[in-house]
Amino acid sequence: MKKNPTDWEQHYQNKDTPWDKGLAAPALTAFLKAKQILYGRILVPGCGLGHDVRELSAAGGKDTEVIGLDLSPTAMEQANAFTKVGREQFVAGDYFDLPEKLLGSFDWIWEHTCFCAIDQDMREEYVKASASALKTGGKLLAVFYLNPYDEEHPPGEGPPHGCTREELEERFGLYFKITEHWQPDKSYPGREGKELMMILQKK
Ligand SMILES: C[S@@+](CC[C@H](N)C(=O)[O-])C[C@H]1O[C@@H](n2cnc3c(N)ncnc32)[C@H](O)[C@@H]1O
């Protein structure tokens, strides 16, 4: 099994980043407006250029410290070049090999297009990495891209790789209790009805 088969760094160096829509995930923006603000320490794995990181940081203000993590050093350089909106930081690193000091240190994780980007063989590791990053009782807020398939991205040729609600319940259920799930009202154009939001609490 190859841990990180896609050369994400090359994508960022070549500016070949079709997933980057230039703004935070609409489902996150809607959640922060309508539901609640996330406070404390928040981790955003696979944050890319950091639009979600800044959205969370601006919403949480001084009571929030958001760490954006990405495999690609170029993505982290570009994310750092944006004007700071709060106490956000960007770290180049591998979610499957988190630095010791980050383990067990987060109140929240925000998942958006990292789970669908990793190899499907690494999903068990993703669940373990998420559980190990959170404090006991910490929560994972996620928008899962259930169905990313179209003519350009047929099943089996990802990333992105799709998933089902049943698979998520089974995989995450080992370490997390699913407290809420719903279909988001807001999505990027083309993703409407293809995403599922979940709040999962570490057991
Ligand atoms: C499809 S992109 C999404 C980026 C960002 N979430 C967005 O929506 O713009 C997937 C991101 O996950 C990062 N990534 C993939 N595997 C990773 C890993 N093991 N650890 C950290 N980041 C990873 C990639 O470098 C890439 O930036």
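Placed above this text is the structure.
Below or above, wherever it landed, is the structure these notes cover. (Residues numbered from 1 in each chain as written. Predicted model: local features only at pLDDT ≥ 70, side-chain atom pairs only at ≥ 80, totals over all residues.)

### Focus on helix H3 (residues 51-60)
Part 1: Most of H3 sits out of view: nine of its ten residues are buried.
Part 2: Of the residues making up H3, those classed as buried are His51, Asp52, Val53, Arg54, Glu55, Leu56, Ser57, Ala59 and Gly60.
Part 3: Where H3 is buried, its residues touch helix H2 (26-34), strand S1 (40-45), strand S2 (64-70) and strand S4 (106-112). (Buried ≥ 20, exposed ≤ 12 C-beta atoms within 10 Å, placed from the backbone. Helix = DSSP H or I, 4+ residues; strand = E, 2+ residues; numbered from the N terminus. Contact = placed C-beta atoms within 7 Å.)

### Overview of the packing of H2 against H3
Part 1: The contact between H2 and H3 brings their axes to 10 Å, and the two run at 5 degrees. As summarised for this structure, H2 and H3 are arranged roughly parallel, according to the angle between their axes. Between H2, through Leu28, Thr29 and Leu32, and H3, the contact on the second element is made entirely by Asp52, Glu55 and Ala59.
Part 2: Each residue belonging to the contact of H2 with H3 can be placed in one class, and the counts come to three nonpolar, one polar and two charged. (Axes fitted to C-alpha atoms, helices over the stretch in contact; angles between N-to-C directions. Parallel < 35°, antiparallel > 145°, perpendicular 65-115°, else oblique. Nonpolar A, V, L, I, M, F, W, Y, C, P; charged D, E, K, R; others polar.)

### A word on the site of the ligand
Part 1: Neighbouring residues of the ligand: 21 residues in total, closest Trp8, Gly46, Gly48, Tyr95 and Ala117.
Part 2: In terms of residue class, the shell around the ligand is made up of twelve nonpolar, six polar and three charged. (Near = placed C-beta within 6 Å.)

### A short note on the sheet that holds strand S6 (residues 176-182)
Part 1: With mixed pairing, seven strands are arranged side by side in an open sheet as S3-S2-S1-S4-S5-S7-S6. Two strands bound the open sheet, and with one partner strand each, they are strand S3 (89-92) and S6. Averaged over all neighbouring strand pairs, the angle between strand axes comes to 20 degrees, with direction disregarded.
Part 2: Both S2 and S3 contribute to a ladder of four bridges, which runs parallel. Pairing of isoleucine 67 across the sheet is with glutamine 89, part of S3.
Part 3: Against the sheet, helix H4 (residues 73-80) engages S2 and S3, with an angle of about 165 degrees to S3. (Pairing = 2+ DSSP bridges.)

Purely spatial values, then, with no claim about function.
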